[in-house]
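In case you want the letters, here they are:
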Amino acid sequence: MSPSVVLQHYQVAIIGGGIAGLTTALALERLGIRYILFERHESLAPDEGASIGLLPNGLRILDQLGLMEEIEKHTTALQRWQHLDGDGALLSEVNALGYYPSTIGYGGLFLERRKLLRIMADGLKSVDSIRTGTRVTSVRETSEQAILTTSDGIRITADLVIGADGVRSCVRPAIDQAPQGSPGSSDDYMSTRFACVYGISPPVEGIIAGDCFSVYRPAATILIFTGKGGTVFWFVFEDLGQTYTLSTTPQYTTADVEKLCRSVSHLRITPTVRFGDVYEKRSVAVKVALEEGVAPNWHSEHMVVVGDAAHKMVPNAAMGANQAIESATVLLNELHSVLCGPSQGYMPHETLTAALKQYANSRKLRTAGIVQKAGITCRAQLAHDGPAAALRHELPSLTDGDWLFRGFMGLADAPVLAGIPLSQHGLLYQQAVDQFRKRVRARENEGLNISNMELFDTEGI
Ligand SMILES: Cc1cc2nc3c(=O)[nH]c(=O)nc-3n(C[C@H](O)[C@H](O)[C@H](O)COP(=O)(O)OP(=O)(O)OC[C@H]3O[C@@H](n4cnc5c(N)ncnc54)[C@H](O)[C@@H]3O)c2cc1C
């Protein structure tokens, strides 16, 4: 087939079938908007062995999309978080996550990424809209529309291209080069200071389902979460000692996995478990670079980025996917009136541009803050100076109430999909946030003398 043949015009084309792309597709279906989605992998749920932690902000939106019941079948809520030094000594034990389900409606849940992607993909109704095994090879725009070409030689035009294509996005550079973008490359704003091996091991005696562990030490360290039945989702972080640009970021082999994991195998996780005991039982272990950065340009006239393509963070705050879900939500909320307005089927140019601008403006500040927070958490674990050192030093003095307060500060501003009802859990989230805000205001302005823990209704837990 000639690449110059235009097969079809779409209102919306999504590039990427990861968490951002699938959230976008699921929400578009709820609005009754026709789309096409391209994913380069043969499957929407490739078995890459990674895991994913979902937090109340992402879960509330997935709940709106009807996926919560299925997610719960594969997860166990996280409860206790132990922070350890490099000798295995306990710096702090926190149970704040354990309060989440009853206070805000959703817990912190870890599961295999493949399972989450499968649940999301199974939620799609419009199977004809999905083109797996198809890579978008180029994207550009005219004043009228965006034009895509794919690895199978198809050329498609769209009123709007949504780049949900990850940190190495092909849409983001096209936006940068658009007339209203800013010249330069992703190297100007995406960089890599850390790498990590992510792995999964079956249950390990001595590690209980619901437990999490962070180890604090320089150079290389460990983060562990648990899932259903005690499955262990673990990460070994490495400080690369220098910062790479996106284009010079290293890639890794299985020999690199082995070297890094062996270097921390002696670290104590519990009095009876060393990291080596977890690593020996691994079913998967993969080393990847951890890029960080926020794109300066999120949209042009007919293109927009969402998820890691727009805001990439290290995984230490378990927020990258949750923010991808949030960004897709805000984008869809802004597009709602454009896509479902009186001129259905045609997107008035100025209205579309205004909606994309509003999306970018409302998301950049929140995501930049979360990218920074995740970075500080990672740097704290790897014994960096500055705010990271401050976080590390205050660990022993932080109470469950302090952690809940910080958690709620982040969760309070999370968006929901407009026009889709909230479940009982979603309503509880809203009530909890409203009450939290009211009590914080009363404490700040009216001299109400209550502790951080008393900001929450945790009685009887
Ligand atoms: C080790 C690790 C652990 C993490 N843990 C967590 C966690 O616990 N909680 C959390 O919230 N976040 C976590 N994250 C972050 C999270 O994985 C990402 O933020 C999230 O997956 C981003 O989703 P996305 O859809 O934007 O991008 P991606 O997941 O990168 O998906 C992009 C998709 O686009 C496809 N694609 C790319 N280019 C093309 C093209 N040209 N044509 C067609 N298809 C294309 C790709 O194949 C891919 O499927 C973690 C990240 C890492 C690295």
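Residues numbered from 1 in each chain as written. Predicted model: local features only at pLDDT ≥ 70, side-chain atom pairs only at ≥ 80, totals over all residues.

Student: Please clarify how the overall build of the chain should be interpreted in this entry.
Tutor: In terms of regular secondary structure, the chain is built from 13 helices and 19 strands. When its C-alpha atoms are laid out on the principal axes, the chain stretches across 65 × 55 × 40 Å. In the chain, which comprises 461 residues, the share counted as buried stands at 48%. If you take every contact in the chain between residues at least 6 apart in sequence, the share linking residues at least 24 apart comes to 75%. (Helix = DSSP H or I, 4+ residues; strand = E, 2+ residues; numbered from the N terminus. Buried ≥ 20, exposed ≤ 12 C-beta atoms within 10 Å, placed from the backbone. Contact = placed C-beta atoms within 7 Å.)

Student: For this particular structure, what's the right way to read the site of the ligand?
Tutor: Inspection of the region around the ligand gives 32 residues, with Gly16, Gly18, Gly166, Gly307 and Gly320 positioned closest. Residue assignment for the shell around the ligand shows that the elements contributing at least two residues are helix H1 (19-31), strand S2 (35-39), strand S3 (51-54), strand S11 (191-201) and helix H9 (320-340). Ranked by the residues each element gives to the shell around the ligand, the list is headed by H9, at four residues. Each residue belonging to the shell around the ligand can be placed in one class, and the counts come to 17 nonpolar, ten polar and five charged. (Near = placed C-beta within 6 Å. Nonpolar A, V, L, I, M, F, W, Y, C, P; charged D, E, K, R; others polar.)

Student: What is the right way to look at the sheet that holds strand S4 (residues 80-85) in this model?
Tutor: Pairing between sheet strands relies on hydrogen bonds along the backbone, with the strands arranged either parallel or antiparallel. An order of S5-S4-S12-S13-S14-S11-S17-S19 is seen for the eight strands of this open sheet, with the pairing classed as mixed. Looking along the sheet, the strands with just one partner apiece sit at the ends: strand S5 (90-94) and strand S19 (311-312). Pairing between strand S17 (residues 284-294) and S19: two bridges, direction antiparallel. Bridge assignment links Val294 to a residue of S19, and that residue is His311. Helix H10 (residues 349-381) rests against S11, strand S12 (211-216), strand S13 (220-226), strand S14 (232-245), S17 and S19 of the sheet, and its axis sits at about 130° to S17. (Pairing = 2+ DSSP bridges. Axes fitted to C-alpha atoms, helices over the stretch in contact; angles between N-to-C directions.)

Student: Honestly, the pairing of S17 in this entry has me stumped. Any pointers?
Tutor: A regular strand places its side chains on the two faces of the sheet in alternate fashion. Relative to S17, S11 is paired through nine bridges, and the arrangement is antiparallel. Counted as the bridge partner of Ala195 is Ala289 from S17.

Student: Explanation requested: the nonpolar core in the structure shown.
Tutor: For soluble globular proteins, the rule of thumb is that nonpolar side chains tend to be buried together. One finds Ala13, Val161, Val304 and Val306 to be the most contacted residues of the largest nonpolar core, which totals 141 residues. With eleven residues, H10 is the largest single contributor of residues to this core. Excluding its chain neighbours within four sequence positions, the residues that come into contact with Ala13 are Tyr35, Ile36, Leu148, Ile156, Ala158 and Val161. (Core = buried A, V, L, I, M, F, W, Y, C linked by C-beta atoms within 7 Å.)

Student: In this structure, what is going on with helix H4 (residues 96-104)? I would like to understand it.
Tutor: For the α-helix, the turn length of 3.6 residues means that residues three or four positions removed from each other point alike. Taking burial as the measure, the nine residues of H4 include seven buried ones, the bulk of the element. Those residues of H4 that sit buried are Ala96, Leu97, Gly98, Tyr99, Tyr100, Thr103 and Ile104. The elements touched by buried residues of H4 are helix H2 (56-64), S4, S5, helix H12 (400-411) and helix H13 (424-445). Positive phi shows up at Gly105, right after H4, with a value of about 95°.

Student: When you look at the packing of H9 against H10 in this model, what are you seeing that I'm missing?
Tutor: Relative orientation and spacing of two packed helices are given, respectively, by the angle between their axes and the distance between those axes. The geometry of H9 relative to H10 is characterised by a closest axis approach of 9 Å and an angle of 160° between their N-to-C directions. Taken together, the axes of H9 and H10 lie roughly antiparallel to each other. Of the two possible hands of crossing, H9 and H10 adopt the one that is right-handed. Where H9 abuts H10, its residues Gln323, Ser327, Val330, Leu331, Glu334, Leu335 and Val338 lie against Thr351, Leu352, Ala355, Gln358, Tyr359, Ser362, Arg363, Thr367 and Ile370. A breakdown of the residues in the contact of H9 with H10 according to their chemical character gives eight nonpolar, six polar and two charged. (Parallel < 35°, antiparallel > 145°, perpendicular 65-115°, else oblique. Left-handed = near helix turned anticlockwise from the far one by under 90°.)

Student: Help me understand the pairing of S13, please; the structure alone is not making it clear to me.
Tutor: Counting buried positions along S13 yields seven of seven residues, so the element is predominantly enclosed. Where burial is concerned, the two faces of S13 agree: the one with Ala220, Ile222, Ile224 and Thr226 and the one with Thr221, Leu223 and Phe225 are both buried. Direction of pairing for S12 relative to S13: antiparallel, over a ladder of two bridges. Pairing of Ser214 across the sheet is with Leu223, part of S13. Where S12 folds back on S13, the antiparallel hairpin that results is connected by three residues, among which Ala219 adopts a positive phi of roughly 75°. As paired strands, S13 and S14 are joined by seven bridges and run antiparallel to one another. Opposite Thr226, over in S14, you have Val232 as the bridge partner. Hairpin remark: S13 followed by S14, antiparallel, with five residues in the connecting loop; positive phi at Gly229, about 70°.

Student: Can you walk me through the environment of His393 in this structure?
Tutor: Examined against the element boundaries, His393 turns out to sit in helix H11 (residues 387-394). Note on His393: 11 C-beta atoms within 10 Å, which makes it exposed. Measuring from C-alpha to C-alpha, the distance between His393 and Gly49 comes to 34 Å, with 344 residues separating the pair along the chain.

Student: I would appreciate a short explanation of the packing of H1 against H9 in the present structure.
Tutor: Relative to each other, H1 and H9 sit at 30°, their axes nearing to 9 Å. Of the possible angle classes, the one that applies to H1 and H9 is roughly parallel. As H1 packs across H9, the resulting crossing turns out to be right-handed. Where H1 abuts H9, its residues Ile19, Ala20, Thr23, Thr24, Ala27, Leu28 and Leu31 lie against Ala321, Ala324, Ile325, Ser327, Ala328, Thr329, Leu332, His336, Leu339 and Cys340. Partitioning the contact of H1 with H9 into residue classes produces twelve nonpolar, five polar and no charged.

Student: Is there a simple way to think about unusual backbone geometry in this case?
Tutor: With the exception of glycine, the majority of residues adopt a negative phi angle, and the majority of peptide bonds are in the trans configuration. The phi dihedral of Ala318 is positive, around 50°, even though this residue is not glycine. Backbone geometry places Ala383, a non-glycine residue, at a positive phi of 60°. With 17 C-beta atoms counted inside 10 Å, the residue Ala383 sits in the partly exposed group.

These figures capture arrangement, not role.
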